[in-house]
Amino acid sequence: MTERVLVAGAGGFIGHHMAKYLVDRGYWVRGVDIKPPEYEASHAQEFELLDLRRWDSCLLATRGINQVYNLAADMGGIGYITAYHAQVANNNILINSHLLEASRLNGVSRYFFASSACIYPQYLQKQPDVTPLKESDAAPADPEEGYGWEKLFTEKLCQYFYEDYGLETRVARFHNVYGPLGTYDGGQEKAPAAICRKVALADNDIEVWGDGEQTRSFMYVDDCVEGIYRITHSDHRKPMNLGTDELVTINQLVDMASGIAEKRVNKRHDLSRPQGVRGRNSDNSLIKQVLGWEPSIPLETGLRHTYQWIESELRRTGRLPEMARRG
Ligand code: NAD
């Protein structure tokens, strides 16, 4: 019998890619979100608009479902999650606690939860040349306010649902995911998409948040959905990093994007803007040991696809003049 899976957040960036990945592998997919996907129709066999903060919606979403991939969240880049602590934490805890309980009542056998590197203690992320974060670094806790605290608590909730009810829960801590079909404008976009947009639209210079020496690793979305699938089907019940360990500064990311665009841009650093932790990288020892696999798509490759997609979107929506079109 075809397995029936729910992708919660299928109208969002990773959820949309996840639905496609699962349909391509022969699963029957129900996508649920509060909004439809922004840039193309969902690949899911069924797509329902539901507000997953509501208990009745979570019961509807999980009816007749074997596996849940929970990628629904109120989230955005650093500007967004630092500005709305109460809203983000409250919306997300409602989604996560209701969806877990509804999954249990509807007999779901396996449940994936998308956590984040934002759960890691801020005291370990004060230098640009950081030691990569390993899973056990999570305690003593000092996560990102709001968004990070909620993720950390929901990780625990997943653990309790396994211990007390036997629901097989799997948790991945994503490190900065980017790629085509992700939000690139409007305030909820993250650094790679924002930088690609700024570079594409730039005449001479672009604004960079902070001094640009903050470091991060970035994972291409194809690696992300592959990793989610592998983690969900593994026997590992504890949270696991899902990211690359290719560390770059934001300034290097800008240089890479402008290289791809074949443009010369000056960086105008705005020190008043939020820049998040100073440095963050993923320690991939555990994922390599458990799965014999880790994300491997180079940043240069993934960023090229992302830049090309954002540039074509800007052209399609009339924000980039025809003369900027490349052959
Ligand atoms: P996204 O914002 O593109 O997708 C999240 C989706 O959840 C959106 O489509 C949104 O409409 C939906 N949603 C929000 N509130 C809802 C509600 N009440 N009911 C139903 N749907 C609702 O974000 P994404 O980048 O695809 O992130 C997916 C998951 O991965 C999230 O849990 C996020 O916290 C986590 N994550 C993402 C990153 C990243 O770099 N993108 C990093 C760490 C963790």
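Position numbers for residues start from 1 in each chain and track the written sequence from start to end. Per-residue local features are limited, in this predicted model, to residues with pLDDT of at least 70; the limit for side-chain atom pairs, both in listing and counting, is 80 or more; totals at the level of whole chains, interfaces and linings are taken over all residues. With hydrogens and water set aside, each side-chain value is computed from the structure's full complement of heavy atoms.

This paragraph deals with the packing of aromatic side chains. Put simply, two rings from Phe, Tyr or Trp (the six-membered ring, in Trp's case) pair if the centres are within 6.5 Å, and we call them stacked under 30 degrees between planes, edge-to-face over 60, tilted for the rest. Enumeration according to the criterion identifies ten aromatic pairs in this entry. Both rings, one in Tyr69 and one in Phe112, keep their centres 6.3 Å apart while their planes meet at 35°; by these two values the pair is tilted. Here Tyr69 is found in strand 4 (residues 67-70), whereas its partner Phe112 is found in strand 5 (residues 110-116), with 43 residues between them in sequence. Residues Tyr80 and Tyr84 carry aromatic rings whose centres are separated by 5.0 Å and whose planes lie at 55° to one another, so their mutual orientation is tilted. Among the residues examined, Tyr80 registers a relative accessible area of 13% and is labelled buried. Assessed through its relative accessible area of 39%, Tyr84 is described here as partly exposed. Helix and strand definitions follow DSSP, with helices as H or I runs of at least four residues and strands as E runs of at least two, each counted in order from the N terminus. The classification of residues rests on relative accessible area computed with a 1.4 Å probe and restricted to protein chains. Under 20% of the type maximum is buried, over 50% is exposed, and intermediate values are partly exposed.

Start and end points for every domain follow an automatic or database-based domain assignment. Segmentation of the protein into domains returns domain 1 (4-178 + 221-242) and domain 2 (191-216 + 246-286 + 298-324). Each of domain 1 and domain 2 has a C-alpha centre, and these two points are 26 Å apart. Should any heavy atoms of two residues lie within 4.5 Å, those residues are considered in contact. Listed as interface residues are 23 residues of domain 1 and, on the opposing side, 25 residues of domain 2. Here the buried area means the combined drop in accessible surface, using a 1.4 Å probe, for two parts upon being joined, counting both sides. Summed over both partners, the interface of domain 1 with domain 2 buries about 1,900 Å², with 64% contributed by carbon and sulfur atoms. Broken down residue by residue, the surface that domain 1 buries against domain 2 is led by Gln125, Pro128 and Tyr178, which jointly contribute 32%.

Turning our eyes to something else, we now look at the nonpolar core. Buried Ala, Val, Leu, Ile, Met, Phe, Trp, Tyr and Cys residues that are joined via side-chain atoms within 4.5 Å together make up what is termed a nonpolar core. Counting 32 residues, the largest nonpolar core has Met18, Leu22, Phe174, Ile228 and Leu242 as the members making the most contacts within it. If you list the elements that add at least two residues to this core, you get strand 1 (4-8), helix 1 (13-24), strand 5, strand 6 (168-174), helix 7 (221-232), strand 11 (240-242) and helix 9 (285-291). The residues contacting Phe174, other than those within four sequence positions of it, are Ile14, Leu71, Phe112, Ala114, Ser115, Ser116, Ala117, Cys224, Ile228 and Leu242. Listed in part, the 29 residues of the second largest apolar core include Val248, Ala261, Trp309 and Leu314.

Now for the pattern of salt bridges. Here a salt bridge means any side-chain nitrogen of Lys or Arg lying within 4 Å of a carboxyl oxygen belonging to Asp or Glu. By the definition in use, this model includes 25 salt bridges. Linking Arg304 and Glu300 is a salt bridge whose minimum nitrogen-to-oxygen distance equals 3.1 Å. Taken together, the residues Arg304 and Glu300, both in helix 10 (residues 299-316) and four residues apart, mark about one turn of the helix. Through salt bridges with shared partners, a single network forms among Arg30, Glu46, Glu48 and Arg63.

The next thing to look at is the environment of Ser103. Looking at where Ser103 falls in the secondary structure, it is placed in helix 4 (residues 85-105). Ser103 gets classed as buried once you look at its relative accessible area, which sits at 0%. Distance in space between the C-alpha atoms of Ser103 and Arg63 is 8.3 Å, their sequence separation being 40 residues.

What follows deals with the packing of helix 8 (residues 250-261) against helix 10. Here, axes are lines fitted to C-alpha atoms. For helices the fit covers the stretch in contact, and angles between N-to-C directions go from 0 to 180 degrees. Between helix 8 and helix 10, whose axes approach to 10 Å, the crossing angle comes to 60°. What the angle tells us is that helix 8 and helix 10 run oblique. Helix 10 is crossed by helix 8, and the crossing has right-handed handedness. Contact with helix 8, carried on its side by Leu253, Met256, Ala257, Ile260 and Ala261, involves Leu299, Glu300, Leu303, Arg304 and Tyr307 of helix 10 and no other residues of that element. Class assignment of the residues belonging to the contact of helix 8 with helix 10 gives a composition of eight nonpolar, no polar and two charged. Convention used here: angles under 35 degrees read as roughly parallel, angles over 145 as roughly antiparallel, angles from 65 to 115 as roughly perpendicular, and any remaining angle as oblique. Here is the rule for handedness: rotate from the far helix to the near one, and if that takes an anticlockwise turn smaller than a right angle the crossing is left-handed, while a clockwise turn gives right-handed. Throughout, the ten residues Ala, Val, Leu, Ile, Met, Phe, Trp, Tyr, Cys and Pro are labelled nonpolar, Asp, Glu, Lys and Arg are labelled charged, and all others, Gly among them, are labelled polar.

Only a single heavy atom is needed: when it lies within 4 Å of a molecule or strand, its residue is near that molecule or strand. Taken together, 26 residues lie near the ligand, and Ile14, Asp33, Leu52, Tyr147 and Val177 sit nearest. Between N or O atoms, a polar contact is any pair within 3.5 Å; within protein, one atom must be a potential hydrogen donor and the other a potential acceptor, and residues adjacent in sequence are included only when both atoms are from side chains. Between the ligand and Asp33, the relevant distance is 2.6 Å, taken from an oxygen atom to a side-chain nitrogen or oxygen of the residue. Separating a nitrogen atom of the ligand from a backbone N or O atom of Leu52 is a distance of 2.8 Å. Taken together, the elements giving at least two residues each to the shell around the ligand come down to helix 1, strand 5 and helix 5 (147-165). Looking at the shell around the ligand element by element, the count peaks at three residues for strand 5. Class assignment of the residues belonging to the shell around the ligand gives a composition of 14 nonpolar, six polar and six charged.

Burial of strand 8 (residues 205-209) is one-sided: the residues Ile206 and Val208 facing one way are buried, the residues Asp205, Glu207 and Trp209 facing the other way are not. Judged from the five bridges that link them, strand 8 and strand 13 (residues 266-270) form a sheet pairing that is parallel. By the bridge assignment for strand 13, Glu207 is matched with Arg268. By this definition, two strands are paired if DSSP reports at least two bridges between them.

The next point concerns the sheet that holds strand 1. Strand order in this open sheet of seven strands is 3-2-1-4-5-6-11, and the pairing throughout is parallel. Edge positions in the open sheet fall to strand 3 (46-49) and strand 11, since each of these has one partner strand only. The mean inter-strand angle of the sheet, taken between neighbouring strand axes irrespective of direction, is 20°. Direction of pairing for strand 2 (residues 28-33) relative to strand 3: parallel, over a ladder of four bridges. Bridge pairing in strand 3 links Val32 to Glu48. Strands in contact with helix 1 are strand 1, strand 2, strand 4 and strand 6; relative to strand 1, the strand with the most contacts, it is inclined by about 165°. Along the sheet, helix 5 contacts strand 5 and strand 6; its crossing angle with strand 5, the most-contacted strand, is approximately 155°.

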